[in-house]
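Remarks on the overall topology
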Amino acid sequence: MQQRIIGDGYGMRGKSKWIIEAIESFLQIPDYPSLVDIANEMEQLSEIVAIRISEELMTKLDQAIINVRRQYPAMEGVKSNLIRASIMQRLIRISTSVPEY
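Rules of the game
- Residues numbered from 1 in each chain as written.
- Predicted model: local features only at pLDDT ≥ 70, side-chain atom pairs only at ≥ 80, totals over all residues.
- Heavy atoms only, no water.
- Axes fitted to C-alpha atoms, helices over the stretch in contact; angles between N-to-C directions.
- Helix = DSSP H or I, 4+ residues; strand = E, 2+ residues; numbered from the N terminus.
- Parallel < 35°, antiparallel > 145°, perpendicular 65-115°, else oblique.
- Contact = heavy atoms within 4.5 Å.
- Nonpolar A, V, L, I, M, F, W, Y, C, P; charged D, E, K, R; others polar.

Running from N to C, helix H4 (residues 55-71) and helix H5 (residues 78-92) cross one another at 105°; their axes reach a closest spacing of 10 Å. Comparing their axes, H5 and H4 come out roughly perpendicular. When H4 is examined against H5, the residues Met-58, Leu-61, Ala-64, Ile-65, Val-68 and Arg-69 are found in contact with a partner set consisting of Val-78, Lys-79 and Leu-82. Tallied by class, residues from the contact of H4 with H5 come to seven nonpolar, no polar and two charged.

Right under this line is the structure:
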């Protein structure tokens, strides 16, 4: 993941911004709850990462958790799985480079 973050032009300290952007773009995918369910089955990406999330994004995450729970009421750790799925989707999608200033 770190190599991808650097490769995308975020630098060594850009992990938090990269993950936040991954979450924001993931929530735009119409069938994201099914992707969260897939992430629930995977045990990779279990590294603990601290990020600061804006209040606006936290509100979106809370709504996304409700949407996922409607489809998968027995799922545990929905927020973690949602973030994990966001990261996985960004890693597998085409790299978009960001210019460094």
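The structure having been displayed, the exposition proceeds.
As a further point, take the side chain of Gln-89. With respect to the secondary-structure elements, Gln-89 resides in helix H5. In contact with Gln-89, not counting residues within four places along its chain, are Phe-26, Ile-29 and Leu-35.

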